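Here are the chains, one letter per residue:
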Amino acid sequence: MNEIWAGIQAAFRLIFSLDADLVEITLRSLQVSLTALVVASVIALPFGTWLAIRRFRYRRATIATLNALMGLPPVVVGLIVYLLLSRSGPFGVMGLLFTPTAMIIAQVIIITPLIASITHQAMRELWAEYHDLLISLNTTKRQRIATLIWDGRRTLLTAALAGFGRAIGEVGAIMIVGGNIDHATRVLTTAIALETGKGDFALALGLGFVLIALALLVNFAIHALSRTEREGTW
Amino acid sequence: MVEAPPSVSLSGALVKRRGKTILGPLDLTLAASGFTIVLGPNGAGKTTLLKVLHGVDRLSEGAVTWSVPDAQARESQAYVFQSPIMLRRSVRQNLAYPLQLLGEDKASIAAKVADWAQRIGLEDALDRPAPRLSGGERQKLALGRALIRNPQVLFLDEPCANLDGRSTREIEALLKAAQQAGTRIIMTTHDLGQARRLATDLVFLLRGALHEQGRAPAFFTAPRTAEAKAFLEGDIVE
Ligand SMILES: Nc1ncnc2c1ncn2[C@@H]1O[C@H](COP(=O)(O)OP(=O)(O)O)[C@@H](O)[C@H]1O
Ligand SMILES: [Mg+2]
């Protein structure tokens, strides 16, 4: 018990003194997950919207696949990305394994289906609501998509935040493809795993508090967004 | 409005949904002017007829023919849906939307929005979110948004269903003003009183079939079919 208490105290000292390791790891985590978020959003937001308003032959199958992909265990994603990027794999020559880029790739694969699926749901609802009006007003396809994206922007932001929350807290995949290398690929979650294993609870807890704070921030933001949506303050 | 509104004909028009015929087969011509009321009980096919004329619903068989090319006909029409569709935006942005689609410049849009907000009595609600308006306010906003493009033909689907007397009166006044300004109006209702107040001519539908079409005073005083007579006398017709 004493050890834990001492750990908590040390953790706060690390945070308030802006410990160099702690800051470096936190910034790398943010850099990796925010980059993954931007890439995933660029793919998932238009794709989810397109799925919602476009009827085509394999639409149902595509949606089912998307939902299945959402349930992929991150460790398996890590394994697959590892195999693809390893020296003997098809993309081995690029030398990406154990770099932040590899971690970004893994996170993009993990969160793109999630963001696309939430986007699809929300846009389908909005499209059902707007359909008759937009057809009646003779809108072009571009105008329809622009209207849906603009009026659904809060939901889209919520989808993106959910994706970020998942990315920043993920450990299995990035441990495999990043390797948790000090000053290179060590991020919040992998560092916590390592320090806990070593018995250095101070740094582990300090990083843990940062992670919790980030997760709470994301959830508050989602909550605030859904409230402005509900109350119609815009 | 310089041009006169176009006329429209349905020939052999039939609408099937899930294998069931819900409208037609029917042949019908609506003249280029006037205030046509489509009358009939619930489920008669009024909404279906309106949507088919406007082109938001497709015919299973037959054809809709406007006296002008289709693209031109669509551009000159506006439609107010049975339950008004509010964009998740402010009242101001809802009014501006149809004009923005046409790429009008900002100053002209602002002027028209101010003018129409006044006419529909929502000038103090311009910055309120449209989805949070009352039923009567929504209906007026939907009407203003439809009229702001100055359409030649205006479709309305039971615009006063579920509205109180005051809102109904305001909407009817707006419709009469639009009619006077030269807009051709085609509107459904199952409210006989409203039909008497507004119609220049009527179309009476029952179970998807056209039972009678006629000019206003004659239709009310001397209906030709037994069903129309029963409906006018207030019998329950289904
Ligand atoms: N998409 C649809 N699928 C199946 N039946 C429909 C559909 N739309 C309308 N109907 C049916 O067609 C009939 C006419 O509907 P509608 O045109 O809405 O009548 P009204 O507007 O006169 O009340 C009703 O019996 C209705 O249940
Ligand atoms: Mg109806």
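What counts, and where the lines are drawn
- Residues numbered from 1 in each chain as written.
- Chains lettered and ligands numbered in written order.
- Predicted model: local features only at pLDDT ≥ 70, side-chain atom pairs only at ≥ 80, totals over all residues.
- Pairing = 2+ DSSP bridges.
- Helix = DSSP H or I, 4+ residues; strand = E, 2+ residues; numbered from the N terminus.
- Axes fitted to C-alpha atoms, helices over the stretch in contact; angles between N-to-C directions.
- Contact = placed C-beta atoms within 7 Å.
- Parallel < 35°, antiparallel > 145°, perpendicular 65-115°, else oblique.
- Left-handed = near helix turned anticlockwise from the far one by under 90°.
- Nonpolar A, V, L, I, M, F, W, Y, C, P; charged D, E, K, R; others polar.
- Expected span 1.5 Å × (residues − 1).
- Buried ≥ 20, exposed ≤ 12 C-beta atoms within 10 Å, placed from the backbone.
- Near = placed C-beta within 6 Å.
- Core = buried A, V, L, I, M, F, W, Y, C linked by C-beta atoms within 7 Å.

Caption draft 1: View of the sheet that holds strand S9 (residues 209-215) of chain B. All names here are of chain B. Taken in spatial order, the six strands of this open sheet run S5-S6-S7-S3-S8-S9, and their pairing is mixed. The sheet is open, and its two borders are formed by strand S5 (77-80) and S9, each paired with just one other strand. Within the sheet, the average angular offset between the axes of one strand and its neighbour, ignoring direction, is 15 degrees. Bridge count between strand S3 (residues 35-39) and strand S8 (residues 201-206): four bridges; the pairing is parallel. Pairing of Leu 39 across the sheet is with Phe 204, part of S8.

Caption draft 2: View of the sheet that holds strand S4 (residues 61-66) of chain B. All names here are of chain B. Spatially, three strands are ordered S2-S1-S4 in an open sheet, and the strand pairing comes out antiparallel. Each edge of the sheet is formed by a strand with only one pairing partner; in this case those strands are strand S2 (20-30) and S4. Taking the axes of each pair of neighbouring strands and ignoring which way they run, one obtains an average angle of 20 degrees across the sheet. For strand S1 (residues 8-17) and S2, the ladder comprises seven bridges, and the chain directions are antiparallel. Paired with Leu 10 across the bridge in S2 is Leu 28. Against the sheet, helix H1 (residues 46-54) touches S1, S2 and S4, its axis set at about 120 degrees to S1.

Caption draft 3: Structural context of the packing of helix H2 (residues 20-53) of chain A against helix H7 (residues 153-168) of chain A. Residues and elements named next belong to chain A. The geometry of H2 relative to H7 is characterised by a closest axis approach of 9 Å and an angle of 140 degrees between their N-to-C directions. Here H7 runs oblique to H2, going by the angle between their axes. Our pair here, H2 against H7, has a crossing hand that is right-handed. Where H2 abuts H7, its residues Ser 29, Ser 33, Ala 36, Leu 37, Ala 40, Ser 41 and Leu 45 lie against Leu 156, Ala 160, Gly 163, Phe 164, Ala 167 and Ile 168. For the contact of H2 with H7, a count of residues per class yields nine nonpolar, four polar and no charged.

Caption draft 4: Structural context of helix H5 (residues 135-147) of chain B. Residues and elements named next belong to chain B. Taking 1.5 Å of rise per residue, 13 residues should cover 18 Å, and H5 covers 18 Å from first to last C-alpha, within 8% of that figure. Burial runs high along H5: eleven of the 13 residues are buried. Along H5, the positions that sit buried rather than exposed are Glu 137, Arg 138, Gln 139, Lys 140, Leu 141, Ala 142, Leu 143, Gly 144, Arg 145, Ala 146 and Leu 147. Packing partners of the buried residues in H5 comprise S5, helix H3 (91-101), helix H4 (106-119), strand S6 (153-157) and helix H6 (165-180).

Caption draft 5: Examining the site of ligand 1 more closely. Residue and element names in this part refer to chain B. Close to ligand 1 lie Arg 17, Arg 18, Ile 22, Gly 40, Asn 42, Gly 43, Ala 44, Gly 45, Lys 46, Thr 47 and Thr 48. For the shell around ligand 1, the element with the highest residue contribution is H1, accounting for three residues. Class assignment of the residues belonging to the shell around ligand 1 gives a composition of two nonpolar, six polar and three charged.

Caption draft 6: Molecular detail of the interface of chain A and chain B. With 13 residues of chain A in contact, the opposing surface of chain B contributes 15 residues. Considering every element that reaches the side of chain A that touches chain B, the biggest residue donor is helix H5 (residues 100-136) of chain A, with six residues. Its residues placed into classes, the side of chain A that touches chain B shows five nonpolar, five polar and three charged.

Caption draft 7: Inspection of the packing of H2 of chain A against H5 of chain A at higher detail. All names here are of chain A. Close contact between H2 and H5 brings their axes to 6 Å; oriented N to C, the two are set at 35 degrees. When you trace H2 past H5, the crossing you get is right-handed. Of the residues belonging to the contact of H2 with H5, the class tally is 20 nonpolar, ten polar and two charged.

Caption draft 8: Representation of unusual backbone geometry. All names here are of chain B. In this chain, Gly 24 is followed by Pro 25 through a cis amide linkage whose omega measures 5 degrees. Tracing the backbone through its elements, the reader meets Pro 25 in strand S2. For Asn 150, which is not a glycine, the phi torsion comes out positive at approximately 55 degrees. Here Asn 150 is to be found in the loop between H5 and S6.

Caption draft 9: Local environment of the pairing of S8 of chain B. Residue and element names in this part refer to chain B. Taking burial as the measure, the six residues of S8 include five buried ones, the bulk of the element. Where S8 and S9 come together, six bridges link them in antiparallel fashion. Bridge pairing in S9 places Leu 205 opposite Leu 210.

Caption draft 10: Main features of the nonpolar core. All names here are of chain A. Core analysis: the biggest nonpolar cluster contains 125 residues, and Ala 106, Ile 115 and Val 177 have the highest contact counts within it. By residue number, the principal contributor to this core is H5, which donates 18 residues. Those residues in contact with Ile 115, other than ones at most four positions away along the chain, are Ala 40, Ser 41, Ala 44, Leu 45, Ala 159, Ala 160 and Gly 163.

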